[in-house]
Amino acid sequence: MAKSKTPTKKAKKATALKPVTSPYCKPQGSAIHQQGLFASKKIPQDAEIIQYVGEKISSKEGDKRAIDLADEREGSGDASVYMFILDDDHDIDGNVPHNTAKLINHSCDPNCEAQIIDDEIWIVALKDIKKGDELTFDYGFELDHYEDHLCLCGSPKCIGYIVAQEYWPKLKTKLAKKKAVARKKAAPKKKAAAKKKAPKKKR
Ligand SMILES: [Zn+2]
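Residues numbered from 1 in each chain as written. Predicted model: local features only at pLDDT ≥ 70, side-chain atom pairs only at ≥ 80, totals over all residues. Heavy atoms only, no water.

### Here we look at the overall build of the protein chain
Now for step 1: Secondary structure summary: the protein chain contains two helices and ten strands in total.
Now for step 2: Along the chain direction, N to C, the helices and strands of the protein chain fall in the order β-β-β-β-α-β-β-β-β-β-β-α.
Now for step 3: The contacts in the protein chain between residues at least 6 apart in sequence include a share of 67% that link residues at least 24 apart.
Now for step 4: Surface exposure of the protein chain reaches about 13,700 Å², of which carbon and sulfur atoms provide 54%. (Helix = DSSP H or I, 4+ residues; strand = E, 2+ residues; numbered from the N terminus. Contact = heavy atoms within 4.5 Å. Areas by Shrake-Rupley, 256 points an atom, 1.4 Å probe, with all protein chains shown as cover.)

Pasting the structure below:
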């Protein structure tokens, strides 16, 4: 791979790059969300399936872009995540057209994970994957704004929201509390149920 010494001003040129392909997978319509990546043949555990490419930027710039994107999409339910921490000083912004791996959807029971291998980000199989299975990884979202990111992964383990597994115990507590409150409120208000509430705006 060529070293990325491209000055940032030329970043626009990246749009001309061909989409990354892999012998292991191909894009296809997904039941989880729009398009996904699917195994085009049997994939053995630990296989490096496809590189997650993008623009290499400073961590500072990465933080800024991630916040901008989150603001732009707040409340839209769009949970796309494209920014990866590469090392202490650099991020990879995968929001480029040729980054095929950005199609990979989140799952609460993922069969892949993103790993840093020799200064590159690769999607690696966590287990043997059958031909035709959709590839997924844990987006690792924080607990903040979890309500904006409904999960439709369909796995029996699905917690309902796109949240990193390390936060699941906290999320479960939150959801249980919410349910209890909703139950209390629901009883006397049955007739008002048809009323539409304006979406809650945070902050
Ligand atoms: Zn899920």
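### Regarding the coordination of the zinc ion
Now for step 1: Those donors, Cys 108 (SG), Cys 151 (SG), Cys 153 (SG) and Cys 158 (SG), are the protein atoms that reach the zinc ion, and they lie 2.3 to 2.4 Å from it.
Now for step 2: Given four donor atoms and angles of 105 to 114° at the metal, the environment of the zinc ion is assigned as tetrahedral.
Now for step 3: Each donor residue of the zinc ion lies on the same chain, and together they follow the pattern C-x42-C-x1-C-x4-C. On the criterion of sequence distance, the pair formed by Cys 108 in the loop between β7 (105–106) and β8 (112–117) and Cys 153 in the loop between β10 (136–137) and α2 (168–186) is long-range, its members being 45 residues apart.
Now for step 4: Given the relative accessible area of 1%, Cys 108 is considered buried.
Now for step 5: For Cys 153, a relative accessible area of 12% translates into the label buried. (Donors = N, O, S within 2.8 Å, 3.2 Å for Na, K, Ca; no water. Tetrahedral: all angles 85-135°; square planar, octahedral: opposite > 155°, others 65-115°. Buried < 20%, exposed > 50% of the residue type's maximum accessible area, 1.4 Å probe, protein only.)

### Side note on the pattern of salt bridges
Now for step 1: All told, the structure shown has eight salt bridges when counted by the stated rule.
Now for step 2: Between Lys 64 and Asp 68 there is a salt bridge, with the nearest N and O atoms lying 3.4 Å from each other. Of the two residues, Lys 64 and Asp 68 both sit in helix α1 (residues 59–73), four residues apart, roughly one turn of that helix.
Now for step 3: A relative accessible area of 48% means that Lys 64 is categorised as partly exposed. (Salt bridge = Lys/Arg side-chain N within 4 Å of Asp/Glu carboxyl O.)

### Description of the environment of Asp 128
Now for step 1: Along the polypeptide, Asp 128 turns up in the loop between β9 (120–125) and β10.
Now for step 2: Judged by relative accessible area, Asp 128 falls into the exposed class, the value being 53%.
Now for step 3: Residues Asp 128 and Asn 111, 17 residues apart in the sequence, show an inter-C-alpha distance of 8.1 Å.
Now for step 4: Asp 128 has contacts with Ile 43, Pro 44 and Gln 45, leaving out every residue within four places of it along the chain.

### Remarks on the packing of aromatic side chains
Now for step 1: The final tally for this structure, using the stated rule, is five aromatic pairs.
Now for step 2: With a centroid separation of 6.1 Å and 45° between ring planes, the pair formed by Phe 84 and Phe 137 is classed as tilted. On the criterion of sequence distance, the pair formed by Phe 84 in strand β5 (residues 83–85) and Phe 137 in strand β10 is long-range, its members being 53 residues apart.
Now for step 3: Owing to a relative accessible area of 16%, Phe 84 belongs among the buried residues under this scheme.
Now for step 4: For the ring pair Tyr 139 and Phe 141, a centre distance of 5.7 Å and an interplane angle of 45° mean the geometry is tilted.
Now for step 5: What makes Tyr 139 buried here is its relative accessible area of 15%.
Now for step 6: Owing to a relative accessible area of 12%, Phe 141 belongs among the buried residues under this scheme. (Phe/Tyr/Trp six-rings, centres within 6.5 Å; stacked < 30°, edge-to-face > 60°.)

### Let's talk about the environment of Trp 168
Now for step 1: As for its placement among the helices and strands, Trp 168 is situated in helix α2.
Now for step 2: Trp 168 sits in the buried class, given a relative accessible area of 10%.
Now for step 3: Along the chain, Trp 168 and Leu 143 lie 25 residues apart, while their C-alpha atoms are 8.7 Å from each other.
Now for step 4: Once residues within four sequence positions are removed from consideration, Trp 168 is found in contact with Cys 108, Lys 157, Ile 159 and Val 163.

### Observations regarding the sheet that holds β8
Now for step 1: Across the sheet, which stays open at both edges, the three strands sit in the order β3-β9-β8 with antiparallel pairing between neighbours. In this open sheet, the two edge strands, each paired with only one partner strand, are β3 (48–51) and β8. Pairwise comparison of adjacent strand axes, ignoring direction, gives a mean angle of 35° for this sheet.
Now for step 2: The pairing of β8 with β9 spans six bridges and is antiparallel. (Pairing = 2+ DSSP bridges. Axes fitted to C-alpha atoms, helices over the stretch in contact; angles between N-to-C directions.)

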